[in-house]
Amino acid sequence: MKHTYVIGDVHGEYDTLIELVKKLPKNADIIFVGDLIDRGAKSREVIKFIRDNDYGCVLGNHEQMMIDYGISFTKTYPRTSNPSFMHTWYNNGGSETLFSYGILKYSKGGLLCVENEEGMAQFKDDMEWLKTLPLYIELPHKTNDKPVVITHASCANVWHHHDNPDGVETFREYALWNRKEPKRDSKIFNIFGHTPVDFGVEIEEHFVNVDTGCYIKKWGYNTLSAYCVESGEVLNVSRVG
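Participant: Account for the packing of helix H3 (residues 61-76) against helix H5 (residues 117-130), with residues named and values stated.
Facilitator: Closest axis-to-axis distance for the H3/H5 pair is 10 Å, and the angle between their directions is 140°. It follows from the interaxial angle that H3 and H5 lie oblique. Between H3 and H5 the crossing geometry is left-handed. In this structure, H3 uses Glu63, Met66, Ile67, Gly70, Ile71, Phe73 and Thr74 to contact H5, whose residues at the interface are Met120, Phe123, Lys124, Asp126, Met127 and Leu130. For the contact of H3 with H5, a count of residues per class yields eight nonpolar, two polar and three charged.

Participant: Mind laying out the packing of helix H2 (residues 43-53) against H5, listing which residues take part and the relevant values?
Facilitator: Following both chains from N to C, one finds H2 and H5 inclined at 55°, their axes separated by 11 Å at the closest point. Compared by their axis directions, H2 and H5 come out oblique. In this structure, H2 meets H5 at a crossing whose hand is left-handed. The residues of H5 that touch H2, namely those facing Arg44, Ile47, Ile50 and Arg51, are Glu118, Gly119, Gln122, Asp125, Asp126, Trp129 and Leu130.

Participant: A description of the pairing of strand S6 (residues 136-143) should follow, citing residues and the corresponding values.
Facilitator: Successive residues of a regular strand alternate their side chains across the two faces of the sheet. Note: S6 against strand S7 (residues 146-151), five bridges, orientation antiparallel. Within S7, the position partnered with Glu138 by the bridge is Val149. Remark: two residues form the turn of the hairpin made by S6 and S7, two consecutive strands paired antiparallel; Asn144 in that turn has positive phi of roughly 50°.

Participant: A description of helix H1 (residues 14-23) should follow, citing residues and the corresponding values.
Facilitator: When H1 is considered as a whole, its buried residues turn out to be Thr16, Leu17, Leu20 and Val21. All buried residues of H1 lie within an arc of 135° about the axis, which places them on one face of the element. Residues of H1 that are buried in the fold lie against strand S1 (4-7), strand S2 (29-32), H2, strand S11 (223-228) and strand S12 (234-238).

Participant: If you had to explain the sheet that holds S11 to someone new, which residues and values would you point to?
Facilitator: Backbone hydrogen bonds are what pair the strands of a sheet, in a parallel or an antiparallel way. Strand order in this open sheet of five strands is S3-S2-S1-S11-S12, and the pairing throughout is mixed. Every interior strand has two partners, whereas the edge strands, strand S3 (56-57) and S12, have only one. Of the strands in this sheet, S1, S2, S11 and S12 are in contact with H1, which crosses S12 at around 145°.

Participant: Any chance you could break down the side chain of Asp211 for me, citing the residues and the numbers?
Facilitator: When you line up the elements, Asp211 lands in the loop between strand S10 (207-209) and S11. Buried and unpaired, Asp211 has Arg179 as its nearest opposite-charge partner, separated by 6.3 Å. For Asp211, the side chain forms a polar contact with the main-chain nitrogen of Gly213, separated by 3.0 Å. Ignoring anything within four residues of it in the chain, the contact list for Asp211 reads Asp9, Phe192, Gly193, His194, Thr195, Pro196 and Val197.

Participant: Break down the pattern of salt bridges for me, citing the residues and quoting the values.
Facilitator: According to the stated counting rule, one finds nine salt bridges in the structure shown. With a shortest N-O distance of 3.1 Å, Lys22 and Glu19 are connected by a salt bridge. One end of the pair is Lys22 and the other is Glu19, both in helix H1 and three residues apart, which spans about a single turn. For Lys22, a relative accessible area of 60% translates into the label exposed. Between Arg51 and Asp126 there is a salt bridge; the shortest N-O distance is 2.7 Å. Of this pair, Arg51 sits in helix H2 while Asp126 is found in helix H5, placing the two residues 75 residues apart along the sequence. Overall, Asp126 belongs to the buried group, its relative accessible area being 2%.

Participant: Describe the environment of Tyr106, listing the residues and the values that go with them.
Facilitator: Turning to its location among the elements, Tyr106 is positioned in strand S4 (residues 104-107). Linking Tyr106 and Pro165, residues 59 residues apart in sequence, is a C-alpha distance of 44 Å. Apart from the residues within four sequence positions on either side, Tyr106 is in contact with Ser95, Phe99 and Leu111.

Participant: Describe the side chain of Glu63, with residues and values.
Facilitator: Topologically, Glu63 is positioned in helix H3. Although Glu63 lies buried, it forms no salt bridge, and the closest oppositely charged side chain, Arg172, sits 10 Å away as judged by the N-O distance. Here Glu63 is in contact with Gly34, Asp35, Leu36, Ile37, Leu130 and Leu133, once residues within four sequence places are set aside.

About the thresholds
- Residues numbered from 1 in each chain as written.
- Predicted model: local features only at pLDDT ≥ 70, side-chain atom pairs only at ≥ 80, totals over all residues.
- Heavy atoms only, no water.
- Axes fitted to C-alpha atoms, helices over the stretch in contact; angles between N-to-C directions.
- Helix = DSSP H or I, 4+ residues; strand = E, 2+ residues; numbered from the N terminus.
- Parallel < 35°, antiparallel > 145°, perpendicular 65-115°, else oblique.
- Left-handed = near helix turned anticlockwise from the far one by under 90°.
- Contact = heavy atoms within 4.5 Å.
- Nonpolar A, V, L, I, M, F, W, Y, C, P; charged D, E, K, R; others polar.
- Pairing = 2+ DSSP bridges.
- Buried < 20%, exposed > 50% of the residue type's maximum accessible area, 1.4 Å probe, protein only.
- Arc of directions from axis to C-beta.
- Lys, Arg positive; Asp, Glu negative; His and termini not counted.
- Salt bridge = Lys/Arg side-chain N within 4 Å of Asp/Glu carboxyl O.
- Polar contact = N/O pair within 3.5 Å; in protein donor to acceptor, adjacent residues only side chain to side chain.

Limitation: the analysis is restricted to geometry and does not speak to function.
In structure tokens, the structure reads:
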């Protein structure tokens, strides 16, 4: 039987991701909860790995920031590297993502653009790919008699808005940014990340949080995890490096 594994927030930790994938069955279906990028040193490599293997992935808030701020970056590149409006993304790991494409570096005066035609072309191409990522993936499975839905952040409390034109912005806000746990009477079994949990994947009757804080160098976090939808098995590895 082919199993589906959902992997938590990678945040540019490519080497750790490779070690985790090695532990999964070779024929596994793999889906990511977003936040592939930022904070870690190898965001470009993470995106390439997922694109090359055509793995499933939902949009995370960090991907949305790369789209929003990345468009602005490309308009000023290579003249201005550190405009004030970029600080929100930079301070949340965006600078590390741009480093991975070889189009930004540190200098004595702060951040400095690097003229790199190939790196910028790949950055733009990856941004276009990120724009195609869905807000949710609904699987043909049920857990505890509830349909399984994968999002970046918890969306179960507003699931009734997912196909409602009048509630689309509410659903989007929850799917990307929400940190509240789903209510027990929610209509779906929600698998998500976004909010790091310590000491392993959080598994409840109505949800699973697979973000075990891979980038957080602190006891109880510092782990990348995968959850098997069919069996409930959890596999994880400690951050490499």
